Amino acid sequence: MLGLECLRLWRSRRPLVAVFAVCFFIVLMLIGFYTYAQSRTGGEAEFRFTFENRSYFNGLTFTLYAFYFGAILILPIFAAIEGGVQLAGDTASGVMKLFLTRPLSRTRIFMTKVVLGAALCALLAGFLLGSSLLVGLLAIGWGDLDLYPGVLQMTATHQHLPAEVALRRFLIVWPAASLALWVPYSMSLWVSTWAKSPVNAVGSAVSMYLVMYVVAEIHFFESLRPWLFTSYSAAWRALFQEDVQWAVFGRDTARLAGFGLLFLALAFRRFRRRQEIA
Amino acid sequence: MRRAVWLEVLLFTSAGVCLALGTEWSLRSPGDIEMTRAADSALRVMTWNVGSPGGRGGSALRSVHLPMVAESIARAELDLCILQEIAGPAQLERLRSALGTEWSALISESGSRRVAALAPRATLERLDLSSGVSRSLALAFDDSEGIGSFFVVGLHADAWSSRERNREIGSLAQALAEFAAPPHKLLVGDFNLDVEQRGDLFSDDEHLDLETYNFVAQHWLDAGLGKGPSAEPDRRLDYIFVDPAGLRVLQAGPWKGQRVGDMDHDPVLADVRLR
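Quantities reported herein were computed from a predicted structural model and do not represent experimental measurements.

**Remarks on the nonpolar core**
If you look at the biggest cluster of nonpolar residues, it comprises 124 residues, and the most contacted ones within it are A:Leu64, A:Phe110, A:Trp236, A:Phe240 and B:Leu187. Considering every element that reaches this core, the biggest residue donor is helix 3 (residues 59–93) of chain A, with 16 residues. The residues touching A:Leu64, leaving out its near neighbours within four places in the chain, are A:Leu145, A:Leu147, A:Leu152, A:Met154, A:Phe170, A:Trp236 and A:Phe240. Residues B:Val115, B:Ala119, B:Ile147 and B:Val152 belong to the second largest nonpolar core, which totals 26 residues.

Structure, rendered in structure tokens:
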């Protein structure tokens, strides 16, 4: 059944749309990054006291910026879309009843979609990371990664990572970011078990994600942050420290996984109990 | 059917375990600074904006608040106190009288809201950095028979323009850095920028404030980093930067409970020692 689901996903063109969106995003980021770097370091730049210099604007800095915004804002939308379509789409089109009459167990159907979603999230995260690194290398060039307080809220003190160390950290970021993508997929899968129409499922899931993301970013809602999974979606930022706080990273990753498993449990509970009404 | 039930139980259990592992069970807060001196040989320095935010653009220290400010300064057992929003030399003299005439005092040279320095035992001598920053005070602190000698710059940066803050803070940091060490250096004051909280509601250019902060922080040690906000509403605006090559921070942070009336800044203290 996994092969069939992969084929159906491929034929739906949704992954291609996500890939195109990522490519378009990276092109825009490159244009913005390059023009910003030129304005800050070119001869016509207005003088000011700053940490931004030519060595700061390198391919690894570009990769970090592109991956950060792509992984937080772009890819979760596509993950939520896919989760919303998976069950509600099959229900609306009648494919779900076809599966159940074959017969295929609900457990098998559900777990196939979970595995497919996890694989898709990993592929999307890997594609974003790989293409950002490639574009950063070819278009901008290598250099060490410097992180400063306040920039992307990644560190409280200046961090300097040599290029080789930074690349190894990006490799670990891939599974961590894949997990962060899988959580909105699980949430939308849960929404999908309640919706009869994929449009409603996708719309609800995407809007829920955006509301939670915005609320988690506003400092008035500091007390709500532990209850919103979007607060932990960028837990991988902890990997870009000279001395990684593995306990903190592990704790935040566990919390993220807990949210994903909870959504999955709620989705499965609903899915195995509901009636497929003609 | 049974397999499905077990899978559901497994999923819920796994979720619970992961959420429990991901919970921070101990409530962490920066905590108040310990008022007991970290070491007798340490320099205890305080920066405090004693003005009030009310009216049009705020006001300098109100005369009615002066006795309470003097009491707080006396209780803190300071070696050096840098104050912002002092109305003028006459007000500084009244404050010095309230503290005791053994205190040395200096004040910045112009304006209606100035930066002042007070020290109970050391001598203070004005330094000329030619920085062109009006609300600043550069001084040499000399307690040679006690805790040592330091160059100190006190600053009250512009509250409204990030460009002005960048110019003021950057030029002072650069000018102070050009003095060869020893003596070692401190840069303290109300910088009016906040990089730890989301300060975009209060800054006309948050990224420029980041650049300003990092221009200083890449070479200086921020003593109050991670110690919590120092001003309303939940912003860290007051800083003590020390020269990390020669100075070690023993403890630092805001000193809560000292505000009087409608003041919106807490004093920030640091105990620093020569390495």
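**Quick look at the interface of chain B and chain A**
Contact with chain B, which involves 37 residues of that partner, is made by 35 residues of chain A. Taking both sides of the interface into account, the surface hidden between chain B and chain A amounts to around 3,300 Å²; carbon and sulfur atoms contribute 61%. At the boundary of chain B and chain A, one finds two salt bridges. Across the salt bridge formed by A:Arg272 and B:Glu8, the nearest N and O atoms sit 2.5 Å from each other. Of all the secondary structure elements, the ones that give two or more residues to the side of chain B that touches chain A are helix 1 (2–21), helix 4 (162–177) and helix 5 (206–217) of chain B. Looking at the side of chain B that touches chain A, the element that brings in the most residues is helix 1 of chain B, giving 12 residues. Residue composition of the side of chain B that touches chain A, grouped by class: 17 nonpolar, 11 polar and nine charged.

**As for a nonpolar patch on the surface**
Where nonpolar side chains cluster on the molecular surface, the patch consists of A:Val214, A:Ile218, A:Phe220, A:Phe221, A:Leu224 and A:Trp227 and spans about 630 Å² of accessible area. With respect to the secondary-structure elements, A:Phe220 resides in the loop between helix 7 (198–217) and helix 8 (246–273).

**What to know about helix 1 of chain B**
Compared with the 28 Å implied by 1.5 Å per residue over 20 residues, the 28 Å span of helix 1 of chain B between its first and last C-alpha is a close match. Regarding helix 1 of chain B, the residues found buried are B:Ala4, B:Leu7, B:Glu8, B:Leu11, B:Ala15, B:Cys18 and B:Leu19. Buried residues of helix 1 of chain B fall within an arc of 105° about the axis and therefore sit on the same side. Looking at helix 1 of chain B, the residues exposed on the side facing more than 90 degrees away from the buried face are B:Arg2, B:Arg3, B:Trp6, B:Leu10 and B:Leu21. Buried residues belonging to helix 1 of chain B abut helix 5 (106–140) and helix 8 of chain A.

**Here we look at the packing of aromatic side chains**
In the structure shown here, the tally under the stated rule is 26 aromatic pairs over all chains. A ring pair is formed by A:Phe110 and A:Phe268, whose centres lie 5.1 Å apart and whose planes are at 50°; its orientation type is tilted. Taken as a pair, A:Phe110 in helix 5 and A:Phe268 in helix 8 lie far apart in primary sequence, 158 residues in all. Judged by its relative accessible area of 0%, A:Phe110 falls in the buried class. An angle of 10° between the planes, with centres 5.7 Å apart, marks the rings of B:Tyr239 and B:Phe241 as stacked. For the pair B:Tyr239 and B:Phe241, one class covers both residues: buried. Members of the aromatic cluster, each reached through a chain of ring pairs, are A:Phe33, A:Tyr36, A:Phe57, A:Phe62, A:Tyr65, A:Phe67, A:Tyr68, A:Phe69, A:Phe170, A:Trp236 and A:Phe240.

**Here's the deal with unusual backbone geometry**
Despite not being glycine, A:Arg13 has its phi angle at roughly 70°, a positive value. Here A:Arg13 is to be found in the loop between helix 1 (2–12) and helix 2 (14–41). For A:Arg13, a relative accessible area of 49% gives the class partly exposed. Unusually for a residue other than glycine, B:Asn192 sits at a positive phi of about 55°. With respect to the helices, strands and loops of the structure, B:Asn192 is situated in the loop between strand 8 (184–190) and helix 5.

**Section: the environment of A:Phe25**
Residues and elements named next belong to chain A. Locating Phe-25 in the fold gives a position in helix 2. Looking at Phe-25, the relative accessible area reads 14%, which means it is buried. Expressed as a C-alpha distance, the spacing of Phe-25 and Arg-255, which sit 230 residues apart in the sequence, is 29 Å. In this structure, Phe-25 is in contact with Ala-66, Phe-69, Gly-70 and Ile-74, ignoring residues within four places of it in sequence.

**Some points on the sheet that holds strand 4 (residues 114–119) of chain B**
All names here are of chain B. Reading across the sheet, the six strands line up as 3-4-2-1-12-11 and stay open at both edges, with mixed pairing between neighbours. Two strands bound the open sheet, and with one partner strand each, they are strand 3 (104–107) and strand 11 (247–254). Ignoring which end each strand starts from, the neighbouring axes of this sheet average 15° apart. With respect to the sheet, helix 2 (residues 66–75) is in contact with strand 1 (43–49), strand 2 (80–86) and strand 4, its orientation differing from that of strand 1 by roughly 160°.

Analysis parameters
- Residues numbered from 1 in each chain as written.
- Chains lettered and ligands numbered in written order.
- Predicted model: local features only at pLDDT ≥ 70, side-chain atom pairs only at ≥ 80, totals over all residues.
- Heavy atoms only, no water.
- Core = buried A, V, L, I, M, F, W, Y, C linked by side-chain atoms within 4.5 Å.
- Buried < 20%, exposed > 50% of the residue type's maximum accessible area, 1.4 Å probe, protein only.
- Helix = DSSP H or I, 4+ residues; strand = E, 2+ residues; numbered from the N terminus.
- Contact = heavy atoms within 4.5 Å.
- Buried area = accessible area lost by both parts, 1.4 Å probe.
- Salt bridge = Lys/Arg side-chain N within 4 Å of Asp/Glu carboxyl O.
- Nonpolar A, V, L, I, M, F, W, Y, C, P; charged D, E, K, R; others polar.
- Patch = residues over 30% accessible without salt bridge, like charges linked within 9 Å, V, L, I, M, F, W, Y side chains within 5 Å.
- Areas by Shrake-Rupley, 256 points an atom, 1.4 Å probe, with all protein chains shown as cover.
- Expected span 1.5 Å × (residues − 1).
- Arc of directions from axis to C-beta.
- Phe/Tyr/Trp six-rings, centres within 6.5 Å; stacked < 30°, edge-to-face > 60°.
- Pairing = 2+ DSSP bridges.
- Axes fitted to C-alpha atoms, helices over the stretch in contact; angles between N-to-C directions.

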